[in-house]
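Examination of the molecular architecture
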Amino acid sequence: MTAHLPEPTPRPVPSGELRASHDDREAVVEQLRDAAAEGRIDLDELDSRLEQALTSKTYGELAVLTADLPQPPSLAVENLPPLVLKGGMYGASRGPGRWEAPGHVIAHAGVGGVSLDFTRVECRLAEVVVEAFGETSGVTIVIPDSWATDTTGMDPGFGGLKDKTTPDRLPGTPLIRLTGSGGMAGVVIRHPNKRERRKLDGNATQS
């Protein structure tokens, strides 16, 4: 009798190998033009990098083009007050549509829970502090594949902390610094699941 070997688990795709969208390429093009206007790169180098940006297929190829350029934070975003989400009885969420992230987000799950989705967020900050309190129903945080998180300041509490993110982080992307407490229900931070990825891919195709 032939034993059936278990099927190999699919290897997670490194964030640098993920396919870039039109919006990703346009963001790099804008950053390169700003760098040329500031005198950081000359016109010949600008032309060369623009050509590479417009033909880049992955996040990794794009990251190389801006790795030696500073990532200036948006002053308007720096001055935004903290975003406070309270789950209350019926829950609260922010995202997955486009929204502008401040440097500090506070999420109290309450009875209804809180969902925080950064996958289509506008953010040029070096890091965002997310203060999450799992309380009765828990907090779920979704971040792009190219972002990373630091959970060392988080108290898992009774409900625990589930960090399902990868350590891969592309240059110029924010770090999510997670603090707070898991409470009774816990806190989950992860990258998009299959259903969310399909929706993101559909939005990218339509844009």
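Quick summary incoming for the structure in this document. Since this is a predicted model, take the numbers as computed values, not measurements. (Residues numbered from 1 in each chain as written. Predicted model: local features only at pLDDT ≥ 70, side-chain atom pairs only at ≥ 80, totals over all residues. Heavy atoms only, no water.)

Another point: the pairing of strand β9 (residues 175–181). In terms of burial, β9 is largely enclosed, as 5 of its 7 residues are buried. Bridge count between strand β5 (residues 127–133) and β9: 7 bridges; the pairing is parallel. Bridge pairing in β9 places A132 opposite G180. Taken together, the 6 bridges between strand β7 (residues 148–155) and β9 define a ladder with parallel strand orientation. Note on β9: the bridge partner recorded for M154 is G180. (Buried < 20%, exposed > 50% of the residue type's maximum accessible area, 1.4 Å probe, protein only. Helix = DSSP H or I, 4+ residues; strand = E, 2+ residues; numbered from the N terminus. Pairing = 2+ DSSP bridges.)

One finds F118, V130 and I141 to be the most contacted residues of the largest nonpolar core, which totals 25 residues. Secondary-structure elements contributing two or more residues to this core are β1 (83–86), β3 (104–108), β4 (114–117), β5, β6 (139–142), β9 and β10 (187–190). With 3 residues, the single largest contributor to this core is β5. Once you skip the residues sitting within four places of it in the chain, F118 turns out to touch W99, A101, V128, V130, I141, V142, I143, P144, W147 and I176. Judged by nonpolar contacts, the second largest core, of 13 residues, contains L32, L50, A53 and L62. (Core = buried A, V, L, I, M, F, W, Y, C linked by side-chain atoms within 4.5 Å. Contact = heavy atoms within 4.5 Å.)

To describe two helices that pack against each other, one gives the angle between their axes and the distance between the axes. Packing of helix α2 (residues 43–55) against helix α3 (residues 59–66) brings their axes to within 9 Å, and their N-to-C directions diverge by 165°. Taken together, α2 and α3 sit at an angle that is classed as roughly antiparallel. The two elements α2 and α3 meet at a crossing, and its hand is left-handed. For the pair α2 and α3, the contacting residues are R49, Q52, A53 and T55 in the first and E61, L62 and L65 in the second. Residues of the contact of α2 with α3, tallied by class, amount to 3 nonpolar, 2 polar and 2 charged. (Axes fitted to C-alpha atoms, helices over the stretch in contact; angles between N-to-C directions. Parallel < 35°, antiparallel > 145°, perpendicular 65-115°, else oblique. Left-handed = near helix turned anticlockwise from the far one by under 90°. Nonpolar A, V, L, I, M, F, W, Y, C, P; charged D, E, K, R; others polar.)

What follows deals with a negative patch on the surface. Together, D42, D44, D47 and E51 make up a negatively charged patch on the protein surface. Along the polypeptide, D44 turns up in helix α2. (Patch = residues over 30% accessible without salt bridge, like charges linked within 9 Å, V, L, I, M, F, W, Y side chains within 5 Å. Areas by Shrake-Rupley, 256 points an atom, 1.4 Å probe, with all protein chains shown as cover. Salt bridge = Lys/Arg side-chain N within 4 Å of Asp/Glu carboxyl O. Lys, Arg positive; Asp, Glu negative; His and termini not counted. Charge placed at Lys NZ, Arg CZ, Asp CG, Glu CD.)

Structurally, G183 is set in the loop between β9 and β10. Counting along the chain gives 45 residues from G183 to G138, while the straight-line C-alpha distance between them is 7.8 Å. Excluding its chain neighbours within four sequence positions, the residues that come into contact with G183 are G134, E135, P156, G157, F158 and G159.

What follows concerns the pattern of salt bridges. Enumeration over the complete set of coordinates arrives at 9 salt bridges. Put simply, E196 and R190 hold a salt bridge, and the shortest N to O gap is 2.8 Å. For the pair E196 and R190, one class covers both residues: buried. Among the charged side chains, a salt-bridge network with shared partners connects D23, R98 and E122.

On to the sheet that holds strand β2 (residues 92–94), then. The strand order across the open sheet built from 5 strands is β2-β4-β6-β10-β8, with neighbouring strands paired in parallel fashion. In the strand order of this sheet, the two ends are held by β2 and β8 (161–163), each with one partner. Mean inter-strand twist for the sheet, computed between neighbouring axes without regard to direction, equals 5°.

What follows covers the packing of helix α1 (residues 22–37) against α2. Direction vectors running N to C along α1 and α2 enclose 175°, while the axes themselves pass 9 Å from each other. By the criterion of interaxial angle, the relationship of α1 to α2 is roughly antiparallel. From α1, R25, E26, V28, V29, L32, R33 and A36 reach across to α2, where they touch L46, R49, L50, A53 and L54. Of the residues that constitute the contact of α1 with α2, the class distribution is 8 nonpolar, no polar and 4 charged.

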